[in-house]
Amino acid sequence: MRLLLAFCLSCCIFAAHSAETAYTVRTTEVKAKPFSDADTLSSLPEKSRVEVLERKSGWMQIKTDSTKGWVKMLSLRFGDAAAQKKSGDSGLGALFNVAATGGSGSTVSTGVRGLSEENLKNPHPNPQAMKELQRYATGKKGAQNFAKSGKLAMRQIDYLPPAK
Amino acid sequence: MNRKLITIVFLCSISSSALAFDFGNIDLGKALGVLQKTQQASTDIDEPKELELGAGIASNLLGAAPLLKNQRVQKYVNNVGMWLALQTERPDLPWQFGVLDDNDVNAFAAPGGYIFVTRGLLAQMRSEAELAGVLAHEMSHILRKHYLEAIKKGARTGLIAEFAGQALENRGADPAFQKLVGAGTEVYARGLDKDDEFEADRMGVVIATRAGYDPWGLPAVLQTLQGMNAQDSSLALLFKTHPALGERLNLLDRLMTGQFDEFEKQPDHAPRFMGVMGKTGILKR
């Protein structure tokens, strides 16, 4: 049991660590600052392995053996380019959660519930939850106050046409 | 035999032209067009019916996964969602947002303004801007009536016409309604068209930006999910029902480059998001 827990823990640590590893999906300019017009420090070829240090809007601060700077977020994908191996495994994460809290999620205790294909094809309505849902709803005024408290200002921008 | 046929055709043409004359030169083609339009109109689902259908589908979804028992989280998601809704062409729908207490990583929309996000998906997020991006993506399915179209495509025309033509009463016992609600719920297991998903990505990014958020929330979530283990069972339904995350990210990359630089200073409200989610045990990181 202790071994299993240790195994899970090490997996989680490994997952957390490798989640920060990414690779470039195109030739990528490394900038001194997270802005398009900032100085370009270097250029990384496609499939360069990088370590992600920080995020800022559409930018990620990265580090390689030879360079450190900011790249466009979407020039990166997480994981390992060579093996296309994906990092992280929330299956083990969930197992660790159970071990840590001593309880399991309510989806486990209800057993037959869950967003499985079978359940969606043979559905059962839940009118009581619909009433509950309605109680949580926010009106326009409430939403505006919420936005104001977060200093969220409306901006004008049109919907985008499909990519060519 | 042939001569007989010619005679019949000839007689018919005379009689039909005579008819046309009798009815004051009605253009038959035009009349047929009007008839077709009327038939089409009878399969149009108006807003009250859209709401009703959506409520039935949402109720089914809640039958599969219950609401998370956390009023603060639920209220917070509704605040973010409603603020986003005010930036759209349908601000007056009775928008309702819910967090489903389920480990699966997914989000759903039902016609009429119902939007759900799972606890499992919330667990993968880092900020309010990311939540806003996901909610705005789902919202776009409702704005563009993607689910209604999917239901229409899958159901008999007769069934839609029956539902569309009926008065709004005693719906529980109405078999047409029940069948369409069932069909609507099944769309979650099957998924929408790829193009619907791409459109919802494009619109979601814009709606979140209009609401004052950092535009990169939605792509950040998609990027996180792409980095997860593809074999993870909590991703199975999402992967089955959506186009590949890599493809979605590539499209957003191409579309957003340069267009959103001026909005990059908008807040992502990561601290507010973390503050609400902090002690709930939702976040695994």
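Please refer to the structure placed before this passage.
All of the points below concern the structure found in this document.

Reading the values: the criteria
Residues numbered from 1 in each chain as written. Chains lettered and ligands numbered in written order. Predicted model: local features only at pLDDT ≥ 70, side-chain atom pairs only at ≥ 80, totals over all residues. Heavy atoms only, no water. Helix = DSSP H or I, 4+ residues; strand = E, 2+ residues; numbered from the N terminus. Buried < 20%, exposed > 50% of the residue type's maximum accessible area, 1.4 Å probe, protein only. Areas by Shrake-Rupley, 256 points an atom, 1.4 Å probe, with all protein chains shown as cover. Pairing = 2+ DSSP bridges. Axes fitted to C-alpha atoms, helices over the stretch in contact; angles between N-to-C directions. Contact = heavy atoms within 4.5 Å. Phe/Tyr/Trp six-rings, centres within 6.5 Å; stacked < 30°, edge-to-face > 60°.

**So, the overall build of chain B**
When helices and strands are counted, chain B shows 14 helices and three strands. Per-residue burial over chain B gives 59% buried out of 285 residues. Of the roughly 12000 Å² that chain B leaves accessible, carbon and sulfur atoms contribute 57%.

**Describing the sheet that holds strand 2 (residues 107–110) of chain B**
Residue and element names in this part refer to chain B. Sheet architecture is open: three strands sit in the order 1-3-2, paired in mixed fashion. Every other strand in the sheet has two partners, leaving strand 1 (96–100) and strand 2 as the edge strands with one partner each. This sheet shows a mean twist of 15° between the axes of neighbouring strands, independent of strand direction. As defined by bridge partners, strand 1 adjoins strand 3 (residues 114–118) across five bridges and the pair is classed as parallel. Opposite Phe97, over in strand 3, you have Ile115 as the bridge partner.

**Considerations on the environment of Leu252 of chain B**
Along the chain, Leu252 of chain B falls in helix 13 (residues 245–256). Assessed through its relative accessible area of 1%, Leu252 of chain B is described here as buried. Separated by 88 residues in the primary sequence, Leu252 of chain B and Ala164 of chain B have C-alpha atoms spaced 37 Å apart. If we ignore the near neighbours within four places in the chain, the residues touching Leu252 of chain B are Leu74 of chain A together with Asp201, Arg202, Val205, Pro219 and Leu222 of chain B.

**Digging into the packing of aromatic side chains**
Under the definition given, this model contains six aromatic pairs over all chains. Ring geometry for Phe146 of chain A and Tyr76 of chain B: centres 6.0 Å apart, planes at 75°, overall edge-to-face. Placement of Phe146 of chain A in helix 6 (residues 140–149) and of Tyr76 of chain B in helix 4 (residues 71–85) is noted, with the two residues assigned to different chains. The class for Phe146 of chain A is buried, based on a relative accessible area of 9%. Taking relative accessible area as the criterion, Tyr76 of chain B reaches 5% and is therefore assigned buried. Seen from their ring centres, Phe260 of chain B and Phe263 of chain B are 6.2 Å apart, and the 55° between their planes marks the pair as tilted. Using a relative accessible area of 3% as the deciding quantity, one classes Phe263 of chain B as buried.

Shape is all these values report; function is a separate question.
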